[in-house]
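Each chain, written out:
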Amino acid sequence: MLRKVAFVAAAALSLGLSPLALRLGPVAGSLLLVAAAVLLAVAASGALVSLAVAGGALGALAFGLAGAASPAAAGAALAGLCFAERSVRVRGRGARLLHVGAALSGGALAGSLLAAFGAASLALRGVALAVSAVLVALPFLVDADDPMAHALDGVADEITGPARASLREGAELRRTVAGEALLDRRAARQARATWSSLLRLAEARARLERTLAVGRAAQGREARAGEPPPAGAGGAEAARAAGAPAEAVVGKVDARIADHVAALTRAYTAVSAARAAEASLDDTALVGVETMGDSLEQVSKTMVEEV
């Protein structure tokens, strides 16, 4: 909820600064537009990633180029490009198309609304700006995958072996617990660090697999070309000797990935169990209802005895 409120504020800032940017000159105005659009894109994404930053910068460029000709096209381009990273994370083709359509239509309506009330009073322009910011937030009505879960799933598609299943499990765990706070700040900070470490391990594992694949392909080409083996060793033995250390590192990285996922699973399971136990111990309402029931039964018995 706080992220959506922050996005609406960023949208209002980005759209509200556009008239000011046009008066500051080409350099200062462009820098202001780019900064506001990048802030809007990061707020839409919920994470500081390169695709969101690039989308915000391109959105500012498109907004500046199309602003004078068509405010609707400028608003659609700004919103569509700022939501580009989140659109990639929407699961399902139909839902993704709906997300893109909501971004483009919301941005177009916002641009048209601001242009229509550009010469109105300050109060009306403020209302138009607030409504426009809400219209730009229409894509949030379509659910998108969590950034960390999406990244883990993407790496899992690139690798083989037991690490793939571990990363899939980690991505599903992240989707399940996304938005849930741990019991205290220290535990939440440690969980964030563990998630970041898991993603770094996954990316390193994917790079290592790509490197090994290139080496295997080169060895296969040499074998098909009939090149002589290196001096002092057979070709197959040399290939195995060169790949043995890397394979050992692969096994170690796979084990560390599994350890990270298992630790995170235990942590969130313990939190859920603690919250369930806390809820079961809170019997204030139950005791109150039981007391009320006993009192009413006693009153009913007294009334029957008097009759």
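Residues numbered from 1 in each chain as written. Predicted model: local features only at pLDDT ≥ 70, side-chain atom pairs only at ≥ 80, totals over all residues. Heavy atoms only, no water.

**Q** Sorry, what's going on with the overall build of the chain here?
**A** A count of helices and strands for the chain gives twelve helices and zero strands. Each helix and strand of the chain, ordered N terminal to C terminal, gives the series α-α-α-α-α-α-α-α-α-α-α-α. Looking at the chain as a whole, 30% of its 307 residues are labelled buried. Summarising the internal contacts of the chain: among those between residues at least 6 apart in sequence, 70% fall at separations of at least 24. Working note: accessible area of the chain is about 17900 Å², and carbon and sulfur atoms make up 66% of it. (Helix = DSSP H or I, 4+ residues; strand = E, 2+ residues; numbered from the N terminus. Buried < 20%, exposed > 50% of the residue type's maximum accessible area, 1.4 Å probe, protein only. Contact = heavy atoms within 4.5 Å. Areas by Shrake-Rupley, 256 points an atom, 1.4 Å probe, with all protein chains shown as cover.)

**Q** Which parts of the structure should I look at to understand a nonpolar patch on the surface?
**A** Nonpolar side chains collect at one region of the surface, where Leu58, Leu61 and Leu65 lie side by side and expose about 330 Å² of accessible area between them. Considering the arrangement of structural elements, one finds leucine 61 in helix 3 (residues 50-66). (Patch = residues over 30% accessible without salt bridge, like charges linked within 9 Å, V, L, I, M, F, W, Y side chains within 5 Å. Salt bridge = Lys/Arg side-chain N within 4 Å of Asp/Glu carboxyl O.)

**Q** Help me understand the pattern of salt bridges in this model?
**A** Pairing between side chains becomes possible if they bear opposite charge and their charged atoms approach one another. All chains considered together, the criterion is met by eleven salt bridges. Between arginine 175 and aspartate 145 there is a salt bridge; the shortest N-O distance is 2.8 Å. Placement of the pair is arginine 175 in helix 9 (residues 162-177) and aspartate 145 in the loop between helix 7 (122-136) and helix 8 (147-156), with a sequence separation of 30 residues. Through salt bridges with shared partners, one network takes in Asp145, Asp153, Asp157, Arg168, Glu172 and Arg175.

**Q** Sorry, what's going on with the packing of helix 2 (residues 26-45) against helix 3 here?
**A** Two packed helices can be described by the angle between their axes and the distance between those axes. Taken N-terminus to C-terminus, the directions of helix 2 and helix 3 make an angle of 135 degrees; their axes are 7 Å apart at the nearest point. Considering the angle they form, helix 2 stands oblique to helix 3. Considering the relative orientation of helix 2 and helix 3, their crossing is right-handed. On helix 3, the residues touching Leu33, Val34, Ala37, Val38, Ala41, Val42 and Ser45 of helix 2 are Ala52, Val53, Gly56, Ala57, Ala60 and Phe63. (Axes fitted to C-alpha atoms, helices over the stretch in contact; angles between N-to-C directions. Parallel < 35°, antiparallel > 145°, perpendicular 65-115°, else oblique. Left-handed = near helix turned anticlockwise from the far one by under 90°.)

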